[in-house]
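# A look at the structure
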Amino acid sequence: MISTPDAARSAHEGDLPTRTYGPPASVVIGSLVVGFVFVVVLEFLVIISFVGQRLWTDPALKEDFLFTLPLLLWVVVAVSVTVTVLRVITSWLQIHERGFELRSLFRRTRTVSWDEVGQVIAARDIDRGTAPEVLDAPETAYDGVYVMDRQGRRILAVSSRFFGHRAQEMTLQRAREAGVSIVHIDAITPAELMRQAPEAMSFVDRHPNLLLLLLLAFYVGHNVLTFAVWGL
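The structure presented is a predicted model; accordingly, all values stated were derived computationally and were not measured.

## Things to note about the overall build of the protein
Scanning the protein from N- to C-terminus turns up 10 helices and 8 strands. Residues counted as buried form 34% of the 232 residues belonging to the protein.

Okay, here's the thing in structure tokens:
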């Protein structure tokens, strides 16, 4: 009987069942829609002005920085949104009894063993006030499952909306089997969670409305600049 590399690897990992989780179809479709909105819909004035006036033939596009700035900003937006969307839709998380691994395009692969984990914080309900809820999570899901290292820094945030509540359950199960301390929280505010674990939540997690305002201000400013420099 010939032993293939795949068979040998399967036998070696037979006692280490691995679960792989990725973004559901709703997240993939939602990311593509949001990307289209950011690149095309909110930049419609920039695109229609550039195409309608055939500005690619204008000599000032190569010589005048201010005249070229609206196009440069659009290119930056297009590249940033494309990279972000690809990072989201190509993400996958593998969890097993030795640790976990997070991969995606444009992201450094993160491989962590349970020995490096200091604690896991599982918050059932994080009250963000008026922050918009894009998708309804299952009742069994946590608002946030945060894997922290021994220095209190966040290693991984397992979102029920992004990876599904089964990924959260598997994270908690494997952490429990590895003897990692798990802190269960029924209800908490972002401010209280910051006091308890300052690095658990990212800036976007703590200030989603501020991020939306900043994005809105950027797009308004970009369109005003486009109108002032290129006209209609």
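So, next bit.
## Structural notes on the confidence of the model for the protein
For residues with low pLDDT, the predicted coordinates do not support detailed interpretation. When the pLDDT values of the protein are averaged, the result is 86; 87% of them are 70 or greater. For the stretch residues 1–15, pLDDT sits under 50, and the model shows 3 contacts to residues farther than four places along the chain or on other chains. Predicted confidence for residues 131–138 stays below pLDDT 50, and this span has 11 contacts to residues more than four positions away or in other chains.

## Looking at the sheet that holds strand β6 (residues 144–149)
A sheet is described by the order of its strands in space; here 4 strands give the open sequence β7-β6-β5-β8, paired in mixed fashion. In this open sheet, the two strands that pair with only one neighbour each are β7 (154–158) and β8 (181–188). Strand-to-strand, the axes of this sheet are offset by a mean angle of 20°, without reference to chain direction.

## Thoughts on the side chain of Glu43
The residue Glu43 is located in the loop between α2 (25–41) and α3 (44–52) in this model. At 20 Å, Arg87 is the nearest oppositely charged side chain to Glu43, a buried residue that forms no salt bridge. Those residues within four positions of Glu43 in sequence are excluded, and the remaining contacts are Phe38, Trp74, Val77, Phe218, Tyr219, His222 and Asn223.

## A word on the pairing of β7
One face of the sheet, then the other: side chains in a regular strand alternate in exactly this way. Relative to β7, β6 runs antiparallel, the two sharing 4 bridges. Across the sheet, residue Val147 finds its bridge partner in β7, namely Leu156. The antiparallel hairpin formed by β6 and β7 contains 4 residues in its connecting segment, where Gly152 sits at a positive phi of about 85°.

## Side note on a nonpolar patch on the surface
On the surface, a cluster of nonpolar side chains totalling about 720 Å² of accessible area is made up of Phe203, Val204, Leu210, Leu213, Leu214, Leu216, Val220 and Val224. For the nonpolar patch, the secondary structure elements donating two or more residues are α9 (203–206) and α10 (208–230). Of the residues forming the nonpolar patch, the biggest block, 6 residues, is contributed by α10. With respect to the helices, strands and loops of the structure, Val204 is situated in helix α9. For Val204, a relative accessible area of 42% corresponds to the partly exposed category.

## Re the environment of Gly179
With respect to the helices, strands and loops of the structure, Gly179 is situated in the loop between α7 (165–177) and β8. Take Gly179: its relative accessible area is 63%, and that puts it in the exposed class.

## Points about the pairing of strand β3 (residues 99–103)
Burial within β3 is extensive, with 4 of its 5 residues counted as buried. Inspection of the sheet shows β3 paired to strand β4 (residues 110–113) by 4 bridges, in the antiparallel sense. Pairing of Gly99 across the sheet is with Ser113, part of β4. Where β3 hands over to β4, the hairpin turn is made up of 6 residues, of which Phe106 adopts a positive phi near 60°.

So, how was this worked out
- Residues numbered from 1 in each chain as written.
- Predicted model: local features only at pLDDT ≥ 70, side-chain atom pairs only at ≥ 80, totals over all residues.
- Heavy atoms only, no water.
- Helix = DSSP H or I, 4+ residues; strand = E, 2+ residues; numbered from the N terminus.
- Buried < 20%, exposed > 50% of the residue type's maximum accessible area, 1.4 Å probe, protein only.
- pLDDT = per-residue confidence, 0-100.
- Contact = heavy atoms within 4.5 Å.
- Pairing = 2+ DSSP bridges.
- Axes fitted to C-alpha atoms, helices over the stretch in contact; angles between N-to-C directions.
- Lys, Arg positive; Asp, Glu negative; His and termini not counted.
- Salt bridge = Lys/Arg side-chain N within 4 Å of Asp/Glu carboxyl O.
- Patch = residues over 30% accessible without salt bridge, like charges linked within 9 Å, V, L, I, M, F, W, Y side chains within 5 Å.
- Areas by Shrake-Rupley, 256 points an atom, 1.4 Å probe, with all protein chains shown as cover.

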